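# Chains, contacts and geometry: an overview
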Amino acid sequence: MTPFSASPAWQRLLAHRDDLGGKTARELWRDDAARGEKLTVTCAELVLDFSKQRANAETLAGLCALARERGLAESIERLFSGAHVNVTEDRAALHMALRGDENVSIDGVAVRPEIHRARERMRVFSQAVREGHWRGATGERIRTVVGLGVGGSSLGPKLAARALRSASDGPEARFIENLDSAEFDDAIAGLDPAATLFVVVSKTFTTEETMANAAAARAWVGQRVGAAAVERHFVAATAHPERATAWGFPACNVFAFPEWVGGRFSLWSEVGLPVAIAIGMPAFERLLAGAHAVDLEFRSTPLERNAPALLALFAIWNRNALGCASHAVLPYGARLAGLPPYVQALEMESNGKRVDLEGRTVDFATAPVVVGGEGTPGQHAFHQWLHQGTDAVSTDFVVVARPMGTDGDRHARLVAHAAAQSEALMNGVEAKEPWITCPGGRASTTVVLPALDPYHLGSLLALYEHKVFAEGALWGINSFDQWGVELGKRIAGAILPAARGSGEAPDPATRHLLAIIHKLQQSE
Ligand code: F6P
């Protein structure tokens, strides 16, 4: 495949950018008052407003030509057909099968029966916990479910549990990710171990953070309820059930999911168990249905109206043509606070790559730095950088049409602020004092959800998943591996004895750093 940067459609887009001559969206709105309708698309029930992008109809046509030339439709078909799109790990990435009903086969094996069985187990178990049929070892009802996992094994469930708080009528869901035991201490504060269920989520079942926290949790519950701790207070979600049983889980407490479910795409599997327990399986299935609706549209909608593809194409336009090295994700709503870190992991772990599918070092920029936080608090923190900083930044605003809380007027104010921010970024302001001037001309997309409920949250997350896949496909990189994270893990293992105070780290800079830390530890 031709490298992205050399593809003729891309070269034409760069020429078109030069022809546009730095025109801002404000000027483009003056050129064409109807651009709002032209640059707004729907996806499932989400509405995406691209009219504040620095792009016109010609840009859109050029981007779609790029997608055709890069074979995006074919890549989408390969993804959905269960082909081994993750080439370095030689496996499929078929998380969509967890929320759909197509008869897909991987390596000749139909996946539906396995998915169906797993879903039924999830249903029975989550219902048993919620209805008090599954109880702790001393007969207590489970009041809290604690997800132990990290990265893709935690970010999705944590985001969903918070976003869907109004749908949560079961045990409270909490999450522990960090190796820092302070997070563990804070999360269990006030909990009764006899009424707490831990869901240990790890695809590999080797991840240091998760295994260390699981061991700590086992000790904490064991002290209170004795030997039955694991049997009644721990379940595991993993692609390696044999490792979970070796750890001490009874086989019936292990929820296995297939290797073709990638970590950061795994919310839809047993990884979502803490969420299913909190909101109930019917609501969890609405989350799946919302995602499935987006899958169907991604696969079948023509490029010009295909929301995930357009989100990716405009991202590439901003990143590679307009030089935006950063991208901000700004959900307006407290319960969506988990969205920026979720999208950050999705984008940066998937597309933070420096070689293409053919192993060539790329000569173009891949994933931007993804930053973000919920509005409005972010306005009083880092938005200053968006408005007047020296870097070009593209932005996604996520707005929920219906109030998420009980007060409609405060919601109207929230919406006003979201709209005001995108307007301010687009138009800026001129003043005689240079420090008041905001240059404007900063591109944004606004994604509008009708309501923050399981269905629409599912749609939103699937939209971002497919955007990230489409970006990777256009760039010609593998979005489904993450080899870069391995090096640091290896080094941490090697220097752990030195960090504990015995032995020396081989690297002089690391020795120097550990000496500083050890000195401070002793100076207490
Ligand atoms: O280290 C990165 C990573 O491998 C992520 O891709 C993954 O989601 C996370 O760690 C947790 O991995 P696991 O589910 O195997 O514990």
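Refer to the structure printed above.
Procedures and definitions
Residues numbered from 1 in each chain as written. Predicted model: local features only at pLDDT ≥ 70, side-chain atom pairs only at ≥ 80, totals over all residues. Heavy atoms only, no water. Helix = DSSP H or I, 4+ residues; strand = E, 2+ residues; numbered from the N terminus. Expected span 1.5 Å × (residues − 1). Polar contact = N/O pair within 3.5 Å; in protein donor to acceptor, adjacent residues only side chain to side chain. Near = heavy atom within 4 Å. Areas by Shrake-Rupley, 256 points an atom, 1.4 Å probe, with all protein chains shown as cover. Contact = heavy atoms within 4.5 Å. Phe/Tyr/Trp six-rings, centres within 6.5 Å; stacked < 30°, edge-to-face > 60°. Buried < 20%, exposed > 50% of the residue type's maximum accessible area, 1.4 Å probe, protein only. Lys NZ or Arg CZ within 6 Å of the ring centre and 35° of its normal. Pairing = 2+ DSSP bridges. Axes fitted to C-alpha atoms, helices over the stretch in contact; angles between N-to-C directions.

Within an α-helix, residues lying three or four positions from one another point in the same direction, as the helix has 3.6 residues per turn. An ideal rise of 1.5 Å per residue puts 21 Å on 15 residues; helix α20 (residues 508–522) measures up with 21 Å between its terminal C-alpha atoms. Where α20 begins, one side-chain oxygen reaches toward the backbone nitrogen of Ala509, 3.0 Å away; that side chain belongs to Asp507.

Around the ligand, a shell composed of 14 residues is seen, among which Ser153, Ser202, Lys203, Thr204 and Thr207 lie nearest. The contact in question runs from an oxygen atom of the ligand to an N or O atom on the backbone of Gly152, over 2.8 Å. Within the side chain of Ser153, one N or O atom sits 2.6 Å away from an oxygen atom of the ligand. When isolated, the ligand has an accessible area of 390 Å², and the protein chains bury 88% of it.

Tracing the backbone through its elements, the reader meets Gly476 in the loop between α18 (454–475) and α19 (484–499). With 245 residues separating them in the primary sequence, Gly476 and Glu231 have C-alpha atoms 46 Å apart. Setting aside residues up to four positions removed in sequence, Gly476 forms contacts with Arg70, Asp356 and Leu357.

Turning to the packing of aromatic side chains, a few remarks are in order. Applying the stated criterion across every chain yields a total of 16 aromatic pairs. Look at Phe234 and Trp247: their rings are 6.2 Å apart centre to centre, the planes differ by 45°, and that puts the pair in the tilted class. With Phe234 in strand β8 (residues 234–238) and Trp247 in helix α11 (residues 241–247), the pair connects residues that are 13 residues apart, well separated along the chain. For the ring pair Phe265 and Phe480, a centre distance of 5.2 Å and an interplane angle of 55° mean the geometry is tilted. One end of the pair, Phe265, is in the loop between β9 (254–256) and α12 (273–279); the other, Phe480, is in the loop between α18 and α19, and 215 residues separate them in sequence. By relative accessible area, Phe480 is classed as buried at 9%. An aromatic cluster of three or more residues is present, and its members are Phe198, Phe205, Trp220, Phe234, Trp247 and Phe249. Above the plane of the ring of Trp268 lies Arg99, whose end atom (NZ or CZ) is 4.6 Å from the centre.

This part is about the sheet that holds strand β1 (residues 40–43). Ordered in space as β1-β2-β13-β12-β10-β11, the 6 strands form an open sheet in which the pairing is mixed. Among the strands making up the open sheet, the edge pair consists of β1 and β11 (369–372). Across the sheet, the mean angle from the axis of one strand to that of its neighbour is 20°, orientation sign disregarded. As judged from the 4 bridges shared by strand β10 (residues 326–332) and β11, these two strands associate in the parallel manner.

By themselves, these observations are geometric and do not establish any function.
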